[in-house]
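# Coordinates in review
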Amino acid sequence: MSIKAIALELYRAQQKVSGLEKELEQAAPPEKDRIKDELRAAVTEMKQMRRMLDGAKVESPFTNRVPGRYSR
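I will try to describe carefully the structure that is included in this document. (Residues numbered from 1 in each chain as written. Predicted model: local features only at pLDDT ≥ 70, side-chain atom pairs only at ≥ 80, totals over all residues. Heavy atoms only, no water.)

## Here we look at the pattern of salt bridges
For clarity, the threshold we go by: Salt-bridge detection follows one rule: a side-chain nitrogen of Lys or Arg within 4 Å of a carboxyl oxygen of Asp or Glu. Secondary structure elements are defined from DSSP: runs of H or I of at least 4 residues count as helices, runs of E of at least 2 residues count as strands, and each element is numbered from the N terminus. Here the term buried applies to any residue with accessible area under 20% of the maximum for its type, exposed to any over 50%, and partly exposed to those in between, with areas from a 1.4 Å probe on protein chains only.
This structure, assessed with the given rule, holds six salt bridges. Aspartate 37 is the salt-bridge partner of arginine 40, the closest N and O atoms lying 3.0 Å from each other. Highlighted residues: arginine 40 and aspartate 37, both in helix 2 (residues 29-57), separated by three residues, approximately one helical turn. By relative accessible area, which is 45% here, aspartate 37 ends up partly exposed. Here arginine 50 ties to aspartate 54 by a salt bridge, and the two come within 3.8 Å at their closest N and O atoms. In this pair, arginine 50 and aspartate 54 both sit in helix 2, four residues apart, roughly one turn of the helix. Relative accessible area serves as the criterion here: at 34%, aspartate 54 is assigned to the partly exposed category. A network of salt bridges, in which partner residues are shared, links Glu23, Glu31, Arg34 and Glu38.

Shown next, in the form of structure tokens:
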């Protein structure tokens, strides 16, 4: 998965979390439990996407960055 695709999924997950938080504030008491469960799952997905994006941006410590040398 490309960094751009991961970033797009992260944005969607953030929007979903934000929407669920607003919905939770305005929800009636019987609906709050269902929304909390959805929110918990959405936050987990958002954190996973964030970790994937952060991991994709980290340069590998095993790459050869010596000037004048090219890896095959």
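## Considering the nonpolar core
Stated formally: We define the nonpolar core as a collection of buried residues of types Ala, Val, Leu, Ile, Met, Phe, Trp, Tyr and Cys that are connected through side-chain atoms lying within 4.5 Å of one another. Contacts: residue pairs with any heavy atoms within 4.5 Å of one another.
Judged by nonpolar contacts, Val17, Leu20, Leu24, Ala27, Ile35, Leu39 and Ala42 together constitute the single largest core of seven residues. Elements supplying a minimum of two residues to this core: helix 1 (3-26) and helix 2. If we skip the residues at most four places from it in the chain, alanine 42 touches Lys16, Val17 and Leu20.

## Some remarks on helix 1
Heads up, the condition is: What a helix is expected to span follows from its residue count: subtract one and scale by 1.5 Å.
With 24 residues, helix 1 extends 35 Å from end C-alpha to end C-alpha; this agrees with the ideal 34 Å at 1.5 Å per step. Listed as buried for helix 1 are Ile6, Leu10, Ala13, Val17, Leu20 and Leu24.

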